[in-house]
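# Structural description and commentary
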Amino acid sequence: MPATVVLLQALVLGLTVLWGLKVRIFDPAAFALCLTVAGLSFLMIVMLLTRALGDAGKVFAMVFLAVQLSASGGVLPVELSGGLYEIISPWLPMTWVVRAVKAAMFGAYGGAWQSPMLLVTACGLISMLLACWIGRWRYLHPAQMQPAVGL
């Protein structure tokens, strides 16, 4: 189910950019693939953190997202962000997603979106394999299920 939600989000985002914002896409198929691969890869990273750390993994996933947004160069050029962000930027998957999306949308970096997407795909696959290996699945009878957060 989460993968279906991620794929629908990627579809809505792609259609919004294409038809809502009327952005002329350099390579629409590559753009769609970038959105799909990035969404599924980040889903696997969140799954890994959740399986490894439980609810604390969800907190770490949010912190990881905030750090990546600051250090990826998608919002602000990383050179303007300062020392730490410049150091960690090449090691974060979001940096490579931003590079691939810029290449697919605008033909930046000579239109070379493939190698950044391979790195993001590798991060997603490694996260998926580790998530399958780390932690244990808990099987509950439907009567034992309860909301994850009690409000």
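Residues numbered from 1 in each chain as written. Predicted model: local features only at pLDDT ≥ 70, side-chain atom pairs only at ≥ 80, totals over all residues. Heavy atoms only, no water.

## Things to note about the overall build of the chain
- When its secondary structure is counted, the chain shows seven helices and zero strands.
- Tracing the chain from N to C terminus, the helices and strands come up as α-α-α-α-α-α-α.
- Principal-axis analysis of the C-alpha atoms gives the chain an extent of 55 × 40 × 30 Å.
- Within the chain, the proportion of its 151 residues that are buried is 30%.
- Nonlocal contacts in the chain, meaning residues at least 24 apart in sequence, comprise 61% of its contacts between residues at least 6 apart.
- Of the roughly 10100 Å² of accessible surface on the chain, 73% is carried by carbon and sulfur atoms. (Helix = DSSP H or I, 4+ residues; strand = E, 2+ residues; numbered from the N terminus. Buried < 20%, exposed > 50% of the residue type's maximum accessible area, 1.4 Å probe, protein only. Contact = heavy atoms within 4.5 Å. Areas by Shrake-Rupley, 256 points an atom, 1.4 Å probe, with all protein chains shown as cover.)

## Re the pattern of salt bridges
- Applying the stated criterion to the full structure yields one salt bridge.
- Across the salt bridge formed by D55 and K58, the nearest N and O atoms sit 3.4 Å from each other. Of the two residues, D55 and K58 are both situated in helix 3 (residues 55–71); the distance of three residues between them amounts to about one turn of the helix.
- Look at D55 and you get exposed, because its relative accessible area is 53%. (Salt bridge = Lys/Arg side-chain N within 4 Å of Asp/Glu carboxyl O.)

## Considerations on the nonpolar core
- If you look at the biggest cluster of nonpolar residues, it comprises 24 residues, and the most contacted ones within it are F31, C34, V97, W113 and M117.
- Looking at this core, the elements that each hand over two or more residues are helix 1 (2–20), helix 2 (28–53), helix 6 (93–106) and helix 7 (114–133).
- Ranked by residues supplied to this core, first place goes to helix 2 with nine residues.
- Each residue touching C34, except ones within four places of it in the same chain, is listed here: A100, V101, A104, W113 and M117. (Core = buried A, V, L, I, M, F, W, Y, C linked by side-chain atoms within 4.5 Å.)

## Brief notes about the packing of helix 2 against helix 3
- Two elements in contact, helix 2 and helix 3, have axes separated by 6 Å at closest approach and are oriented at 140°. Of the possible angle classes, the one that applies to helix 2 and helix 3 is oblique. The chirality of how helix 2 crosses helix 3 is right-handed. On the side of helix 2, the interface is formed by F42, I45, V46, L49, T50 and L53, while helix 3 contributes D55, A56, G57, K58, F60, A61, F64 and Q68.
- Of the residues assigned to the contact of helix 2 with helix 3, the class counts are nine nonpolar, three polar and two charged. (Axes fitted to C-alpha atoms, helices over the stretch in contact; angles between N-to-C directions. Parallel < 35°, antiparallel > 145°, perpendicular 65-115°, else oblique. Left-handed = near helix turned anticlockwise from the far one by under 90°. Nonpolar A, V, L, I, M, F, W, Y, C, P; charged D, E, K, R; others polar.)

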